[in-house]
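Structural features, examined
Listed below, chain by chain, are the residues.
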Amino acid sequence: MSGLNDLQHGDAENQAVGRWYLAYTKPRQETVAHANLVQQGFEAYLPLFKLFKKTEQGPVALFEPMFPRYILFRPGCPGQSISAVRSTKGVTTIVRFGFEPALLQDDVVQRIRQMEQLRQQATIEELNQLKVGQKVRLKHTALGAIEGLVHNVSSKRVAVLLEILGRPTVVQVDHHQVEASL
């Protein structure tokens with residue numbers, strides 16, 4: 001099934017077991033909405049996306065919402081009404097198709113969880129867009145956008161093979177100093 005076909009129309013009062021609702025949050029309020037939904041007894045899930053931010057001390061792992069401004073939730077017990085979600089701190093509204101709340105199948109949520117877990121276990125080398133043998137361009141203006149090939153990638157530096165004065169030379173640079181070349 002495609003992602004859009006996995007969203008189903010559903011009746012809030014006759015919810016099927018194994019389905020999730022989708023809430024639209026206020027900007028950058030996903031964690032606030034998550035905490036408040038859990039506090040109200042809902043099962044809430046905020047998928048997070050691991051990425052690395054480059055700092056002077058080296059890369060630091062960060063986790064951001066995989067789907068900004070969206071959070072998945074379902075009642076924590078049978079008969080719990082979802083109407084309280086609309087007034088939950090951090091939540092703007094419940095995503096709907098017409099008058100019916102959107103429902104997401106549990107198997108889709110499980111696939112999202114699996115992808116999230118794989119990404120959280122990944123190293124910077126596995127997540128880095130730069131690959132050995134890839135053509136890159138140095139971004140430093142003094143170097144005039146020289147192009148070379150990625151020789152090696154580590155968590156702190158990228159080794160780039162450049163041709164300088166007619167000779168191949170490996171130069172170590174920070175990740176932010178190179179970009180993929182077409």
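This structure is a prediction, so every number in the text was calculated from the model and none was measured.

**A few points about the sheet that holds strand 13 (residues 167-174)**
Read from one edge to the other, the open sheet built from 5 strands follows the order 13-12-11-10-14, with strand pairing classed as antiparallel. Single-partner strands in this sheet number two, and they are strand 13 and strand 14 (178-180). With strand direction ignored, the average angle separating the axes of adjacent strands in the sheet is 45 degrees. Here strand 12 (residues 157-164) pairs with strand 13 via 8 bridges, running antiparallel. Bridge pairing links E163 to P168 in strand 13.

**Details of the confidence of the model for the chain**
On average, residues of the chain carry a pLDDT of 83, and 85% of them reach 70 or more. When mean pLDDT is compared element by element in the chain, helix 2 (residues 30-39) scores highest at 98, while helix 1 (residues 3-6) scores lowest at 44. Note that residues 1-16 has pLDDT below 50 and, in this model, 32 contacts with residues that lie over four places away or in other chains.

**A short note on the packing of aromatic side chains**
Counting across every chain of the model gives 4 aromatic pairs. Aromatic ring contacts, followed pair by pair, group Y21, F42 and F73 into a single cluster. Cation over ring: R113 sits above Y45, and NZ or CZ is 4.0 Å from the ring centre. Directly above the ring of F49 sits R119, whose terminal nitrogen or CZ lies 3.8 Å from the centroid.

**Focus: a nonpolar patch on the surface**
A surface patch of nonpolar side chains, amounting to about 210 Å² of accessible area, comprises L149, L161 and V170. Along the chain, the position of L161 falls in strand 12. Judged by relative accessible area, which is 32%, L161 ranks as partly exposed.

**Focus on the environment of E147**
Position of E147 relative to the elements: it lies in strand 11 (residues 147-153). Sequence spacing of E147 and L162 is 15 residues, and the spatial spacing of their C-alpha atoms is 6.9 Å. For E147, the residues in contact, after removing those within four places along its chain, are K135, V136, R137, L162 and S181. Side-chain polar atoms of E147 contact the side chain of R137, separated by 3.3 Å.

**As for the pairing of strand 4 (residues 48-55)**
Bridge analysis of strand 4 against strand 5 (residues 58-65) gives 8 bridges, and the strand direction is antiparallel. Looking at the pairing, K50 lines up with F63 of strand 5. Linking strand 4 to strand 5, which pair antiparallel, is a turn of 2 residues.

**Concerning the nonpolar core**
Ranked by size, the top nonpolar core spans 14 residues in total, and within it A23, L37, F42, I71, F73, I82 and V85 carry the most contacts. In this structure L37 touches F42, A44, I71, F73, V85 and T88, once residues within four positions along its chain are discounted. Core analysis: the next-biggest nonpolar cluster, separate from the first, contains 10 residues, L130, V136, V153 and V160 among them.

**Section: the pattern of salt bridges**
Summed over the entire model, instances satisfying the criterion amount to 5 salt bridges. For E43, the salt bridge identified is with R74, shortest N-O distance 3.0 Å. Here E43 is found in strand 3 (residues 43-45), whereas its partner R74 is found in strand 6 (residues 70-74), with 31 residues between them in sequence. With relative accessibility at 17%, the residue R74 sits in the buried group. When the shortest N-O distance is used, the salt bridge between D106 and R74 registers 3.5 Å. Taken as a pair, D106 in helix 3 (residues 106-121) and R74 in strand 6 lie far apart in primary sequence, 32 residues in all. When its relative accessible area of 24% is taken as the criterion, D106 is described as partly exposed.

Conventions and cut-offs
- Residues numbered from 1 in each chain as written.
- Predicted model: local features only at pLDDT ≥ 70, side-chain atom pairs only at ≥ 80, totals over all residues.
- Heavy atoms only, no water.
- Pairing = 2+ DSSP bridges.
- Helix = DSSP H or I, 4+ residues; strand = E, 2+ residues; numbered from the N terminus.
- Axes fitted to C-alpha atoms, helices over the stretch in contact; angles between N-to-C directions.
- pLDDT = per-residue confidence, 0-100.
- Contact = heavy atoms within 4.5 Å.
- Phe/Tyr/Trp six-rings, centres within 6.5 Å; stacked < 30°, edge-to-face > 60°.
- Lys NZ or Arg CZ within 6 Å of the ring centre and 35° of its normal.
- Patch = residues over 30% accessible without salt bridge, like charges linked within 9 Å, V, L, I, M, F, W, Y side chains within 5 Å.
- Areas by Shrake-Rupley, 256 points an atom, 1.4 Å probe, with all protein chains shown as cover.
- Salt bridge = Lys/Arg side-chain N within 4 Å of Asp/Glu carboxyl O.
- Buried < 20%, exposed > 50% of the residue type's maximum accessible area, 1.4 Å probe, protein only.
- Polar contact = N/O pair within 3.5 Å; in protein donor to acceptor, adjacent residues only side chain to side chain.
- Core = buried A, V, L, I, M, F, W, Y, C linked by side-chain atoms within 4.5 Å.

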